[in-house]
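# Structural characterization, general
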Amino acid sequence: MIQLNGVVLEFKLFPNGETLVDGEQILNHANELNIVTFKYENDSDLIKVMFLKNYLDDLNFKASLVVYYMPYSRMDRVEGASAFTLKYVSNFINSLNFDKVTLIEPHSDVSLALINKSTARYPSVELLDKVIAEVGFNLHEDYLFFPDAGAQKRYGKVKGYQQLVGFKVRDFQTGQIRKLDIVGSVERKGFKVIIVDDLCSYGGTFILSAEKLKEIGASEIYLLVGHCEKSIYKGKILETDTIDKVFTTNSMLDQADHEKIHVFEIGGM
Ligand SMILES: O=P(O)(O)OC[C@H]1O[C@@H](O)[C@H](O)[C@@H]1O
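About the thresholds
Residues numbered from 1 in each chain as written. Predicted model: local features only at pLDDT ≥ 70, side-chain atom pairs only at ≥ 80, totals over all residues. Heavy atoms only, no water. Salt bridge = Lys/Arg side-chain N within 4 Å of Asp/Glu carboxyl O. Helix = DSSP H or I, 4+ residues; strand = E, 2+ residues; numbered from the N terminus. Near = heavy atom within 4 Å. Polar contact = N/O pair within 3.5 Å; in protein donor to acceptor, adjacent residues only side chain to side chain. Areas by Shrake-Rupley, 256 points an atom, 1.4 Å probe, with all protein chains shown as cover.

With that out of the way, let us pick up the pattern of salt bridges. Counted under the stated rule, the structure contains 13 salt bridges. A salt bridge links K48 to D45; the nearest nitrogen and oxygen atoms lie 3.5 Å apart. Residue K48 and its partner D45 are both found in helix α2 (residues 44-58); the two are separated by 3 residues, about one turn of the helix. One network of salt bridges, with partners in common, ties together R154, D197 and D198.

As structure tokens, this is what we get:
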């Protein structure tokens, strides 16, 4: 889904699959300075962004880009013969020459390094105060939990919280989590935990984290993720009582289709 200055653009297809770009629709919402918002739904959205930016260039209009979820951001390293698709998509975005690019919760700093004139915003940090108030989190008794070293690097700098970290081993090819251990100790049982990470897919990481946290005495467990894929509906998080509530943004989901999910609007953060 592509927005121009907050307005969702409609794209149609020619019978052979080519994209029909409605220039009039763009003209109706374009200014000299524009914000293009890119909510990735599938690879065809990349082509739509390309057509829109080229059209704005032809009008001599400027534009910045907000990327709700950076596609391929998890392909931030290569192993064996795997293709470095994050680099290739970043090259594509760079070729469009936006004035600036804002990445919402990129999976790692590699996206920031690869994309020119890019900065990041982290809803998992920006929304923490709201989530803490909602779940009645006590700074002296309760814990934030980062499921792996990547999450600890991104969010561990938040001050004033007791923190626990997971050590996760995942098979790069199959995506299966081989094991997860908790590093850090707790003083007593019966505490709340907010698991903080960038993205929930099927939720395997968080179910496993929650099981381990329960073993060491957690009584209530919440999940705060910047992005939540629709695949959460196919995973076990919503079926079991291991995680009490999931807080996320509309970077991937459009709305919450389950009582356990709370979706914050990125625009209203
Ligand atoms: O365990 P699921 O939800 O499938 O995947 C989410 C995890 O996989 C990683 O890329 C994310 O950073 C998160 O830690």
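Right, picking up where we left off after that structure.
Right, let's get into the site of the ligand. Looking at the ligand, there are 15 residues lining it, with D197, D198, S201, G203 and T205 nearest. Interatomic distance of 2.6 Å between a side-chain N/O atom of D197 and an oxygen atom of the ligand. One of the side-chain nitrogen or oxygen atoms of D198 is found 2.5 Å away from an oxygen atom of the ligand. Contact with the protein chains removes 91% of the 360 Å² of surface that the ligand exposes when unbound. For the shell around the ligand, the secondary structure elements donating two or more residues are β10 (162-170), β12 (191-200) and α8 (204-215).

Without other data, these values stay purely geometric and don't point to any function.
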